[in-house]
Amino acid sequence: MIVICSVQAVFAQYDKDVFYYRGRTALSDGKYAQAIENFNILAQLDTSDYWTFFFRGIAKYNLGDLRGAQQDFNQSVVINPVFTNGYHYRAITLSRFGRYDEALADLQKAIELRPGLSGIYYSRGVTYFLAQQFENAVQDFDRYIRQEPRDPGAFLNRGASYLFLGDTLKAFDDYNKAISLDRFDAEGFIRRGRLYAEQGQYEEALSDMDAAIRLDSTSSLAHFSRALIYYEQNRYNEAVRDLDKVLEMEPGNALTLYNRSLINAQVGNFEQALSDMDRVININPNNVLAYYNRAAFFVQMERWQDALEDYDKAISLYPDFAKAYMNRSYVRGMLGQTGASKRDYDLAQDKIREYREKNVTDEGSFADTTKKYSSLIALDADFAKKDFDDELLQHRDIDIRLKPLYKFNLTESSEDTNYALEHRIEHSLIDRFRTSLPVPVEISSGQGSVQDLGGDFEEEMYRKLDDEQVLVSEVYFLKGLLELQNKQYNAALNWFDSAIQAAPTDAARDRYAEYYRAFYYMNRGVLRAEMIDFINSIQNNVQTLTMDDQGTTRARVSDQVSHTYDYTDALNDMQRAAQIVQDVPYIYFNMGNLHTLSSQMVEAIEDYGKAIQLYPYMGDAYFNRGLVLIYLKDQEKGCIDLSRAGELGVADAYSVIGKYCEEE
């Protein structure tokens with residue numbers, strides 16, 4: 001009996017060694033699915049081997065299953081609380097979710113366990129960079145470079161950090177050093193070439209881009225960057241050839257189409273310019289600059305009615321776009337619409353005057369008439385990864401976007417129009433609030449229907465607001481809704497502010513007034529988000545990390561100093577609303593959208609889940625959660641959510657299912 005047990009133990013040990021060897025070999029060869037199969041068997045044979053979970057986590061990470069990787073790294077440190085690599089790699093995964101504080105805590109734990117392991121400082125430098133703590137990033141890269149002075153990646157990353165700190169001289173030094181360490185890596189030449197271009201040193205920049213393309217002819221970023229340099233030198237044919245090359249490699253790249261369109265228009269090739277801009281609009285229907293520039297093409301071609309329609313669209317997307325009013329005034333004049341032309345001109349002057357009086361410093365303001373909105377745009381998230389299917393779908397050739405935020409809108413009738421679904425959300429506080437108002441309102445993700453009511457609506461509404469029974473906060477709120485319907489966003493924001501401030505005083509007259517304040521916060525949060533949403537229609541900034549099992553995580557961070565879009569104020573408003581009233585599904589749905597826009601995907605999934613828990617028939621919540629899950633590579637769960645959204649009446653779900661959920 002003892003002999004038999006010993007033999008079984010030997011075979012068990014032999015089997016484990018075989019699976020371990022096969023798993024590690026597959027991992028080293030980049031055969032990640034095969035590696036996972038072997039580590040799955042090992043995890044069943046021995047649940048106490050933390051290395052098994054660690055290596056399986058690496059395989060999952062490289063397949064894009066970040067949540068699965070995080071769970072495996074979690075398990076590795078649960079089994080062995082002093083496992084440095086587990087904390088290190090879990091931190092890397094957390095940073096991909098934007099959970100930088102937690103990632104930094106894990107990296108600090110790893111450093112405390114093994115302070116001499118240089119790779120941890122490299123990873124923490126990347127995490128500090130992503131968290132926009134650039135001085136800390138520089139310090140960690142300094143420490144890493146002292147131990148590993150011949151790693152060009154560290155110099156590239158420290159150079160990017162210096163750029164964000166405004167020190168271009170040190171950035172140049174680091175890029176020079178990276179190139180001297182590895183003259184066969186195109187990345188160093190691309191970085192230095194872009195920096196030369198920003199300094200106006202176009203010949204040096206062109207030399208670096210040529211070198212990068214000789215080293216890697218498949219680099220879309222190098223061709224794109226060289227096209228911009230050619231453009232600055234007025235070498236338009238060469239610029240277009242490079243953009244053509246990018247589009248051969250990546251046909252759905254919206255930014256390249258946008259820039260090629262502008263160059264073609266500049267040389268008088270309007271038909272090709274229109275074709276490209278049409279595709280940009282098809283990919284991103286809310287891109288205000290695309291409509292604005294396409295209208296300019298139509299003006300050059302004397303297609304006045306087409307130009308008018310595009311300026312109308314640009315203004316509807318952003319009503320403070322002063323230059324669009326000026327240009328539409330000209331177009332209307334050419335069409336003989338003298339009165340409308342004069343009104344547009346006066347509106348433009350009013351917005352310009354308001355902009356100057358406020359001394360606006362926001363670069364995203366479209367009331368700034370000093371800006372040239374037909375300029376090429378330098379970089380885009382499409383170039384952060386070669387596999388465009390990894391991106392959040394906003395630049396693809398299929399129209400897939402989050403279902404929009406919910407808010408109160410004025411409406412024509414008091415009939416309930418909350419949902420175009422069989423099941424209606426029933427909420428006593430919402431119903432009480434709506435019936436207490438002297439004019440009908442709805443909660444929807446649309447714009448409401450007041451613009452279709454005719455000119456008497458506003459007069460009738462103000463007459464009803466004179467009723468002494470109406471709460472002061474409700475009067476302010478309704479005035480804000482009216483301004484919102486008329487797209488006077490700043491005025492609407494001021495009225496919502498006043499409603500929030502007046503609600504506590506109104507509570508002496510109506511004890512529910514304090515709870516109504518949640519709805520005021522909700523609408524103000526949506527308004528704040530919508531005021532900045534359109535700016536984000538083209539630009540984005542994505543940094544990616546790659547992982548291996550050799551102890552040092554490799555990541556190259558973007559050295560582009562780009563706009564960031566901060567939804568903090570909108571999110572704070574939504575969170576205040578949730579604190580006042582904890583059971584309104586619309587609020588949690590909105591929080592999910594805002595967390596998604598802030599790249600806080602895990603929090604977004606939790607918010608959508610809460611909305612669904614409160615209202616199981618909320619198809620939009622299933623739809624948005626499904627998109628986020630697919631983005632996080634949890635395709636199975638994402639497709640289940642999309643299927644449920646389709647069942648609940650969200651027709652767009654089926655086009656997404658057709659693209660991402662059908663078996664090959």
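Everything below is about the structure printed above this text.
This section reports on the structure supplied with the text. Each chain carries its own residue numbering, running from 1 in the direction its sequence is written. Local features in a predicted model are, by the rule used here, given only for residues with pLDDT of at least 70; side-chain atom pairs are given and counted only at 80 or more, and totals for whole chains, interfaces and linings are based on all residues. For the side-chain quantities, the full set of heavy atoms in the structure was used; hydrogens and water were omitted.

1. Some thoughts on the overall build of the protein
Move 1: Helix and strand assignments come from DSSP, with helices taken as H or I runs of at least 4 residues and strands as E runs of at least 2, each series counted from the N terminus. Counting its secondary structure elements, the protein contains 31 helices and 4 strands.
Move 2: Burial classes follow relative accessibility: with a 1.4 Å probe on protein chains only, a residue under 20% of its type's maximum area counts as buried, one over 50% as exposed, and anything between as partly exposed. Counting all 664 residues of the protein, 55% fall into the buried class.
Move 3: It only takes one pair of heavy atoms within 4.5 Å for two residues to be counted as in contact. For the protein, the proportion of contacts with a sequence separation of at least 24, taken over those separated by at least 6, is 62%.
Move 4: Only the protein chains shown count as covering a residue, and every accessible area follows the Shrake-Rupley method with a 1.4 Å probe. Total accessible area computed for the protein in this model is approximately 29900 Å², and 45% of it derives from carbon and sulfur atoms.

2. Here we look at the packing of helix H14 (residues 236-249) against helix H15 (residues 254-266)
Move 1: Where H14 contacts H15, the axes come no closer than 10 Å and their chain directions differ by 155°. In terms of orientation, H14 lies roughly antiparallel with respect to H15. Crossing hand, H14 versus H15: left-handed. Listed contacts from H15 to Tyr236, Ala239, Val240, Leu243, Asp244, Val246 and Leu247 of H14 are Thr256, Leu257, Asn259, Arg260, Ile263, Asn264 and Gln266.
Move 2: Partitioning the contact of H14 with H15 into residue classes produces 8 nonpolar, 4 polar and 2 charged. Every axis corresponds to a line fitted to the C-alpha atoms, with the helix fit spanning only the stretch in contact, and the corresponding angles, defined between N-to-C directions, vary from 0 to 180 degrees. Each angle gets one of four labels, with under 35 degrees taken as roughly parallel, over 145 as roughly antiparallel, 65 to 115 as roughly perpendicular, and the rest as oblique. Rotating anticlockwise by less than a right angle from the far helix to the near helix defines a left-handed crossing, while the corresponding clockwise rotation defines a right-handed one. Each residue receives one of three labels: charged for Asp, Glu, Lys and Arg, nonpolar for Ala, Val, Leu, Ile, Met, Phe, Trp, Tyr, Cys and Pro, and polar for the others, Gly being one of them.

3. Considerations on H14
Move 1: Given the number of residues in a helix, its expected span is that number minus one, multiplied by 1.5 Å. Over its 14 residues, H14 extends 20 Å from the first C-alpha to the last, a length consistent with the 20 Å expected when each residue adds 1.5 Å.
Move 2: All of the buried residues along H14 are Tyr236, Ala239, Val240, Asp242, Leu243, Val246 and Leu247. Projected down its long axis, H14 carries its buried residues within an arc of 160°, all on one side. Among the exposed residues of H14, those pointing more than 90 degrees away from its buried face are Asn237, Arg241 and Glu248.
Move 3: Where H14 is buried, its residues contact helix H13 (220-232) and H15. An arc is given here, and it is the one of the directions from the helix axis to the C-beta atoms.

4. A short note on the side chain of aspartate 620
Move 1: Inspection of the secondary structure assignment puts aspartate 620 in helix H29 (residues 619-631).
Move 2: Under this rule, positive means Lys or Arg and negative means Asp or Glu; His and the chain ends count for nothing. What makes a salt bridge here is a side-chain nitrogen of Lys or Arg within 4 Å of a carboxyl oxygen of Asp or Glu, nothing more. The side chain of aspartate 620 is buried and forms no salt bridge, while lysine 403, the nearest opposite charge, is found at 5.4 Å.
Move 3: In contact with aspartate 620, other than residues within four places in its own chain, are Lys403, Tyr406, Phe589 and Val650.

5. Details of helix H7 (residues 118-130)
One full turn of an α-helix is made of 3.6 residues, so residues set three or four places apart face in the same direction.
Move 1: In a regular helix each residue adds 1.5 Å, so 13 residues correspond to 18 Å; H7 covers 19 Å between its end C-alpha atoms and thus fits that length.
Move 2: Extensive coverage of H7 is indicated by the burial of 13 of its 13 residues.
Move 3: Following H7 by one or two positions, glutamine 132 adopts a phi angle in the positive range, close to 65°.

6. Notes on the side chain of glutamate 187
Move 1: When you line up the elements, glutamate 187 lands in helix H11 (residues 186-198).
Move 2: Definition of a polar contact: a pair of N or O atoms within 3.5 Å, with one able to donate and the other able to accept a hydrogen when the atoms are protein atoms, and with sequence-neighbouring residues admitted only if both atoms are side-chain atoms. Within the structure, the side chain of glutamate 187 is placed 2.9 Å from the side chain of arginine 191, a separation counted as a polar contact.

7. Brief notes about the pattern of salt bridges
Move 1: Applying the stated criterion to the full structure yields 31 salt bridges.
Move 2: Where arginine 226 meets aspartate 210, a salt bridge forms, and the shortest distance between an N and an O atom there is 2.9 Å. Of this pair, arginine 226 sits in helix H13 while aspartate 210 is found in helix H12 (residues 202-215), placing the two residues 16 residues apart along the sequence.
Move 3: Classification of aspartate 210 as partly exposed rests on a relative accessible area of 23%.

8. What to know about the packing of aromatic side chains
Move 1: Any two of the Phe, Tyr and Trp rings considered here, Trp counted by its six-membered ring, make a pair once their centres fall within 6.5 Å; the pair's planes then place it as stacked at under 30 degrees, edge-to-face at over 60, or tilted in between. Counting across every chain of the model gives 36 aromatic pairs.
Move 2: Here the aromatic rings of tyrosine 292 and phenylalanine 321 are separated by 4.8 Å at their centres, their planes lie at 25°, and the arrangement is stacked. Of this pair, tyrosine 292 sits in helix H17 (residues 288-300) while phenylalanine 321 sits in the loop between helix H18 (304-317) and helix H19 (322-334); the two residues are 29 residues apart in sequence, bridging distant segments of the chain. No difference in accessibility class separates tyrosine 292 from phenylalanine 321, as the two residues are buried.

9. Focus on unusual backbone geometry
Move 1: One non-glycine residue, glutamine 132, lies in positive phi territory at about 65°.
Move 2: With respect to the element layout, glutamine 132 can be found in the loop between H7 and helix H8 (134-147).

10. Overview of the pairing of strand E1 (residues 407-410)
Move 1: Of the two faces of E1, the one carrying Lys407 and Asn409 and the one carrying Phe408 and Leu410 are both buried.
Move 2: Paired strands, in this sense, are two strands between which DSSP finds at least two bridges. With 4 bridges connecting them, E1 and strand E2 (residues 441-444) associate as antiparallel partners. By the bridge assignment for E2, phenylalanine 408 is matched with isoleucine 443.

11. Notes on the nonpolar core
Move 1: By size, the foremost hydrophobic cluster in this structure holds 101 residues, and its most contacted members are Phe408, Leu478 and Tyr586.
Move 2: Ranked by residues supplied to this core, first place goes to helix H25 (residues 513-533) with 11 residues.
Move 3: Phenylalanine 408 has contacts with Phe433, Arg434, Val441, Glu442, Ile443, Phe477, Leu481, Phe519, Met522 and Asn523, leaving out every residue within four places of it along the chain. Here the nonpolar core consists of buried residues drawn from Ala, Val, Leu, Ile, Met, Phe, Trp, Tyr and Cys, with membership extended through side-chain atoms lying within 4.5 Å.

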